Amino acid sequence: MNLSIQGFIHGIELFIEKTGRAISWLVLALVILICYDVAMRYLFQQGAVALQELEWHLFALIFLLGGAYTLKHDDHVRVDIFYQSRYLSDRGRAWISIIGTVLFLFPFCLLILITSWPFVENAFLYNEGSPDPGGLPYRYLLKSAILIGFAMLMLQGIAEILKNVHILRHKESH
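Note that the structure is predicted; figures quoted are calculated from it, not measured.

J.: A description of the overall build of the chain should follow, citing residues and the corresponding values.
T.: A count of helical and extended segments in the chain gives 5 helices and 0 strands. Ordered by position from the N terminus, the helices and strands of the chain form the series α-α-α-α-α. For the chain, whose C-alpha radius of gyration is 20 Å, the value lies well above the compact-globule estimate of 16 Å for 174 residues. Its C-alpha atoms put the chain at 70 × 40 × 30 Å along the principal axes. Of all 174 residues assigned to the chain, the portion counted as buried reaches 36%. Of the contacts formed within the chain by residues at least 6 apart in sequence, a portion of 75% connects residues at least 24 apart.

J.: Account for helix 2 (residues 49-72), naming residues and giving values.
T.: Between its first and last C-alpha, helix 2 extends 35 Å over 24 residues, near the 34 Å set by a 1.5 Å rise per residue. Taken as a whole, helix 2 carries its principal kink of about 45 degrees at Gly 66. Phi turns positive, to about 55 degrees, at Asp 74, one or two residues after helix 2.

J.: Pulling in residues and values, what's your account of the packing of helix 1 (residues 3-44) against helix 2?
T.: Close contact between helix 1 and helix 2 brings their axes to 8 Å; oriented N to C, the two are set at 155 degrees. Relative to helix 2, the element helix 1 is oriented roughly antiparallel. Relative to helix 2, the crossing made by helix 1 is left-handed. Residues of the contact of helix 1 with helix 2, tallied by class, amount to 18 nonpolar, 3 polar and 7 charged.

J.: Explain a nonpolar patch on the surface to me, using residue names and the numbers behind them.
T.: Taken together, the side chains of Trp 95, Ile 99, Val 102, Leu 103 and Phe 104 define a hydrophobic patch exposed on the protein surface, amounting to about 530 Å² of accessible area. As for its placement among the helices and strands, Phe 104 is situated in helix 4 (residues 90-125). On the basis of relative accessible area, Phe 104 is assigned to the exposed category, the value being 61%.

J.: Kindly report on helix 4, identifying the contributing residues and their values.
T.: With 36 residues, helix 4 should reach 52 Å at 1.5 Å per residue; the first-to-last C-alpha distance of 49 Å fits that figure. Along helix 4, the largest kink reaches about 40 degrees and is centred on Thr 101. Phi turns positive one or two residues past the end of helix 4, at Asn 127, with a value near 50 degrees.

J.: Just give me the short version of the pattern of salt bridges, but keep the residues and values in it.
T.: One pass over the full model with this rule turns up 8 salt bridges. Glu 17 serves as the salt-bridge partner of Arg 21, at 2.7 Å between the closest nitrogen and oxygen. Taken together, the positions of Arg 21 and Glu 17, both in helix 1 and 4 residues apart, correspond to about one turn of that helix. Among the salt bridges present, the one from Glu 17 reaches Lys 72, with a minimum N-O distance of 2.9 Å. Of the two residues, Glu 17 is situated in helix 1 and Lys 72 in helix 2; the sequence distance between them amounts to 55 residues. In this structure, Glu 17 and Lys 72 share a single accessibility class: buried. Each of the salt bridges in this network shares a partner with another, and the network as a whole consists of Glu 13, Glu 160 and Lys 163.

J.: Would you mind going over the environment of Glu 17 in detail, with residue names and values included?
T.: Given a relative accessible area of 13%, Glu 17 falls into the buried group. Linking Glu 17 and His 73, residues 56 residues apart in sequence, is a C-alpha distance of 9.1 Å. The residues touching Glu 17, leaving out its near neighbours within four places in the chain, are Tyr 69, Lys 72 and His 73.

J.: Explain the nonpolar core to me, and be specific about the residues and the numbers.
T.: Residues Cys 109, Phe 150 and Leu 153 are the most contacted members of the largest nonpolar core, which totals 28 residues. Every element with two or more residues in this core is listed here: helix 1, helix 2, helix 4 and helix 5 (139-172). Of all the elements, helix 5 adds the most residues to this core, at 9 residues. The contacts of Cys 109, once residues within four sequence positions are left out, are Phe 150, Leu 153 and Met 154.

Reading the values: the criteria
- Residues numbered from 1 in each chain as written.
- Predicted model: local features only at pLDDT ≥ 70, side-chain atom pairs only at ≥ 80, totals over all residues.
- Heavy atoms only, no water.
- Helix = DSSP H or I, 4+ residues; strand = E, 2+ residues; numbered from the N terminus.
- Rg over C-alpha atoms; globule rule 2.2 N^0.38 Å.
- Buried < 20%, exposed > 50% of the residue type's maximum accessible area, 1.4 Å probe, protein only.
- Contact = heavy atoms within 4.5 Å.
- Expected span 1.5 Å × (residues − 1).
- Bend = angle between axes of the 7 residues up to and from the residue.
- Axes fitted to C-alpha atoms, helices over the stretch in contact; angles between N-to-C directions.
- Parallel < 35°, antiparallel > 145°, perpendicular 65-115°, else oblique.
- Left-handed = near helix turned anticlockwise from the far one by under 90°.
- Nonpolar A, V, L, I, M, F, W, Y, C, P; charged D, E, K, R; others polar.
- Patch = residues over 30% accessible without salt bridge, like charges linked within 9 Å, V, L, I, M, F, W, Y side chains within 5 Å.
- Areas by Shrake-Rupley, 256 points an atom, 1.4 Å probe, with all protein chains shown as cover.
- Salt bridge = Lys/Arg side-chain N within 4 Å of Asp/Glu carboxyl O.
- Core = buried A, V, L, I, M, F, W, Y, C linked by side-chain atoms within 4.5 Å.

Below is the structure:
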């Protein structure tokens, strides 16, 4: 594999790995926050809109920004009827991954990026915050995670295609 392509793949995967590990800490924060919120509501009859919104925001960040990390570690949802079959070669798996990425992942990510751009742009223009009294401000920052998350997913998809092309070339030469 060309060293510049290998470096490009490594750069993407290093970025996705570091981002995914950082985002994974939000899971712990979310669990602690939910436990605190439940304890406050049921033990002390004290609830807060901001706490509930923060729970939703953390979950959204975990989901949106963790998708590329999940793809990198091959922990995403896939119909494994054929892919995990013992009758399918590494080349066959590489082809399935490339075709799936090009026909499904990229078009879906582009659809989300194109259609959510005005949504995020309006949120920034109006400095959108929570409509609820006591809710969180800066909702536009959360909405920008839609664009960031799907751009990261596409970036990891590019790395996956390049790795699978390498598998195809390597397997052809042997």
